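# Observations on chain architecture
Single-letter residue listing:
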Amino acid sequence: MSERADPDIALMTEIASLYYMHGETQEAIAGRMGMSRIKVGRMLKRAQAEGIVDVRVRHHPSVAAEIEQALIRRFGIRRALIALDCADAEQQRHEVSSLVADHLSRTLEDGTMVAVGMGRNVGTVADNVFTQRTRQCSFICAIGGSLRAGEYMNPDHICRRLAAKFGGESETLYAPAMVASAELRDAMLDNPTVRQTLDRARRADIAMIGVGDLSEDSNMVRMGWFSPSEIAEARLSGTVGDMMGYDFIDLNGNASTTPMQGRVIGLTIPDLARIPEVIAIASESTKAAGILGALRTGVIDVLATSATNAHTLLHLDEATRINDEG
């Protein structure tokens, strides 16, 4: 026997429509429905909790425009997607990823190919896609998978979720994200199945990637790819973060010299340079140095981050350029 639907669903939907879409006051809705204003307020809160209503707060264009233009001028990128600051890390990730989801909803067309990276920020984009128009797009894994990453952060599952939201198809990269040595990585890249998928990812119209940092809470540490001592050694050698394919970079956007380099199966910085639009997503405040290094590689076209990170980037870039020039 099927479960009975919540009898309040239809009522919550009607109340939410009157309030959010038609602009009626809670008092007017209460009179129309023959219930108290307090009950209307409770129904609206339940509608949000049940997912009937999705309330989002966005910067007014006049608020965000100045810092967006400053980032564009400073780093030569095409777009900057700047989210409101949030105290909660999960909510901050949601706000930043929502901007990317909206950007994709406006720009994706039939036939668009999207290379998809790994991580929490990229995974959250798929959760925030709300579109009524399907497209025949292709979402292709741009890095291998990892059991420790879990379904939410693995590119294969992110591609599937994006394909389900937008329409189209997803393509898995049948390879581990991380191997024990550069020699094994090179051997895996020679595998015809792996090579075919990565060749398709290299021909993508858009790449959507995360920017990593070298904090103790980074994905690489939590997944056990590298030990805390390896991370500490990399930091001492000048490594500030990583990009798709886990190309480790220094603050100037150059490849860093660390034993961690060259062991991940995925797209590299030269691969990204040939993709027409590379979207970098980073919500965490610990990633400012990594984002700056990524921007200085010259391959990022669209940056999605928080307002605080945006201001920090401009100040950090100014300070390090002065020091370098001096």
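The rules behind each value
Residues numbered from 1 in each chain as written. Predicted model: local features only at pLDDT ≥ 70, side-chain atom pairs only at ≥ 80, totals over all residues. Heavy atoms only, no water. UniProt positions renumbered as here; feature names shortened; annotations may be inferred. Helix = DSSP H or I, 4+ residues; strand = E, 2+ residues; numbered from the N terminus. Expected span 1.5 Å × (residues − 1). Buried < 20%, exposed > 50% of the residue type's maximum accessible area, 1.4 Å probe, protein only. Arc of directions from axis to C-beta. Polar contact = N/O pair within 3.5 Å; in protein donor to acceptor, adjacent residues only side chain to side chain. Contact = heavy atoms within 4.5 Å. Core = buried A, V, L, I, M, F, W, Y, C linked by side-chain atoms within 4.5 Å.

The name given to the chain in an unreviewed UniProt entry is DeoR family transcriptional regulator, with the source organism recorded as Kushneria indalinina DSM 14324. In the Sequence similarities (unreviewed entry) part of its UniProt record, the chain is described as follows: "Belongs to the SorC transcriptional regulatory family."

Attention shifts here to helix H8 (residues 155–166). Each α-helix turn comprises 3.6 residues. Residues three or four places apart therefore point the same way. Taking 1.5 Å as the rise per residue, H8 with twelve residues should run 16 Å; its terminal C-alpha atoms sit 16 Å apart, in good agreement. For H8, every residue scored as buried is listed here: Pro155, Asp156, Ile158, Cys159, Leu162, Ala163 and Phe166. With its buried residues spanning 160 degrees around the axis, H8 presents them on a single face. Gly167 lies just past H8 and shows a positive phi near 100 degrees.

Let's shift gears to the side chain of Gln92. With respect to the helices, strands and loops of the structure, Gln92 is situated in helix H5 (residues 89–107). A polar side-chain atom of Gln92 sits 2.8 Å from the main-chain amide nitrogen of Cys86. Not counting residues within four places of it along the chain, the set of residues in contact with Gln92 comprises Ala83, Leu84, Asp85, Cys86, Ser283 and Ser306.

Bringing H5 into the picture now. Counted at 1.5 Å a residue, the expected span for H5 with its 19 residues is 27 Å, and the 27 Å between its end C-alpha atoms agrees. For H5, the complete set of buried residues consists of Gln92, Arg93, Glu95, Val96, Ser97, Ser98, Leu99, Val100, Ala101, His103, Leu104 and Ser105. Taken together, the buried residues of H5 touch strand E1 (79–83), helix H6 (120–127), H8, strand E5 (206–210), strand E8 (277–281) and strand E9 (302–306). The opening residue of H5, the one whose side-chain oxygen lies 3.1 Å from the backbone nitrogen of Glu90, is Asp88.

Among the secondary structure elements, Gln48 is positioned in helix H3 (residues 37–49). Expressed as a C-alpha distance, the spacing of Gln48 and Ala16, which sit 32 residues apart in the sequence, is 9.0 Å.

The subject of this paragraph is the nonpolar core. Core analysis: the largest hydrophobic core is formed by 85 residues, its most contacted members being Phe139, Leu162 and Leu272. Setting aside residues up to four positions removed in sequence, Leu162 forms contacts with Val116, Val125, Ala126, Val129, Phe139, Gly167 and Met208. Among the nonpolar cores identified, the runner-up in size contains twelve residues, and Ala16, Leu18, Met35 and Leu44 belong to it.

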